[in-house]
Amino acid sequence: MFHICLLMFSPQNYPLYIRSVPSQNELKFHYTVHTSLDVVEEKVSAVGKSLADQRELYLGLLYPTEDYKVYGYVTNSKVKFVIVVDSSNTSLRDNEIRSMFRKLHNSFTDVMCNPFYNPGDPIQSKAFNGIVSGMMVQTG
């Protein structure tokens, strides 16, 4: 059984969305993901210092551990997406992770366009949950 975890953080680094498969492992991933936020901040600030205005949203592999690989993505509004997958999951390639982030970003944009959603509140959209569940089933 593969483990996968998705977390979204606001620009102020508080969680907007947390989902993991199996669900009893959510707390186990918190430390890993919070340490990855430091790497995200380093990469974003390094890109910000470069002369190019165009910024790649996909940050790639943030860091590997013995058990997991941590990937990152930052939107233009500084919302951070972090995906943690098993290191033993060799079926996931970099371009597949990148497409997962794009799909999440598009779904997040749909959530933000909802007039009943208050930006900064935790995401509780059934449509967003459905897309995340579909992605987790595909990768697991």
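These numbers come from a predicted model, not from an experiment.

1. Concerning the nonpolar core
Residues Met8, Ile83, Phe101, Leu104, Phe108, Ile123 and Phe128 are the most contacted members of the largest nonpolar core, which totals 26 residues. Every element with two or more residues in this core is listed here: strand 1 (4-9), strand 2 (15-21), strand 4 (68-74), strand 5 (80-86), helix 2 (94-113) and helix 3 (126-139). Counting residues per element, this core draws most heavily on helix 2, which supplies six residues. Excluding residues that lie within four positions of it along the chain, Met8 makes contacts with Tyr14, Pro15, Leu16, Tyr17, Val79, Lys80, Phe81, Phe108, Ile123 and Phe128. Grouped together as the second largest cluster of nonpolar side chains are 17 residues, Cys5, Phe9, Val33 and Tyr63 included.

2. Observations regarding the pairing of strand 1
The buried fraction of strand 1 is high, at six of six residues. A two-sided burial pattern is seen for strand 1, the buried positions comprising Ile4, Leu6 and Met8 on one face and Cys5, Leu7 and Phe9 on the other. Bridge count for strand 1 against strand 2 is six bridges, and the pairing is antiparallel. Its bridge partner lying in strand 2, Phe9 is registered against Pro15.

3. Side note on the packing of aromatic side chains
Applying the stated rule across the entire model yields five aromatic pairs. Between the aromatic rings of Tyr58 and Phe101, the centroid separation amounts to 5.8 Å while the plane-to-plane angle is 50°, which identifies the pairing as tilted. Of this pair, Tyr58 sits in strand 3 (residues 58-64) while Phe101 sits in helix 2; the two residues are 43 residues apart in sequence, bridging distant segments of the chain. Accessibility expressed as a relative area gives 6% for Tyr58, which makes it buried. Its relative accessible area of 0% is what places Phe101 among the buried residues.

4. Re the sheet that holds strand 3
Spatially, the five strands line up as an open sheet ordered 2-1-5-4-3, and their pairing is antiparallel. In this open sheet, the two edge strands, each paired with only one partner strand, are strand 2 and strand 3. For this sheet the average axis-to-axis angle between neighbouring strands, irrespective of direction, equals 15°. For strand 3 and strand 4, the ladder comprises five bridges, and the chain directions are antiparallel. Note on strand 4: the bridge partner recorded for Gly60 is Gly72. Sitting on the sheet, helix 2 is in contact with strand 1, strand 2, strand 3, strand 4 and strand 5, with an inclination near 140° to strand 5.

5. Some thoughts on unusual backbone geometry
A positive phi angle, close to 70°, is found at Asn13, a residue other than glycine. In this fold, Asn13 is placed in the loop between strand 1 and strand 2. Asn13 sits in the partly exposed class, given a relative accessible area of 28%. A positive phi angle is found at Lys78, which is not glycine, with a value near 70°. Positionally, Lys78 belongs in the loop between strand 4 and strand 5.

6. Quick look at the pairing of strand 4
For strand 4, a buried count of six out of seven residues is recorded, marking the element as mostly surrounded by other parts of the structure. Where strand 3 folds back on strand 4, the antiparallel hairpin that results is connected by three residues. Here strand 4 pairs with strand 5 via seven bridges, running antiparallel. The partner of Gly72 across the bridge, within strand 5, is Val82. Between the antiparallel neighbours strand 4 and strand 5 lie five residues, among them Lys78 with a positive phi of about 70°.

Definitions and cut-offs
Residues numbered from 1 in each chain as written. Predicted model: local features only at pLDDT ≥ 70, side-chain atom pairs only at ≥ 80, totals over all residues. Heavy atoms only, no water. Core = buried A, V, L, I, M, F, W, Y, C linked by side-chain atoms within 4.5 Å. Buried < 20%, exposed > 50% of the residue type's maximum accessible area, 1.4 Å probe, protein only. Helix = DSSP H or I, 4+ residues; strand = E, 2+ residues; numbered from the N terminus. Contact = heavy atoms within 4.5 Å. Pairing = 2+ DSSP bridges. Phe/Tyr/Trp six-rings, centres within 6.5 Å; stacked < 30°, edge-to-face > 60°. Axes fitted to C-alpha atoms, helices over the stretch in contact; angles between N-to-C directions.

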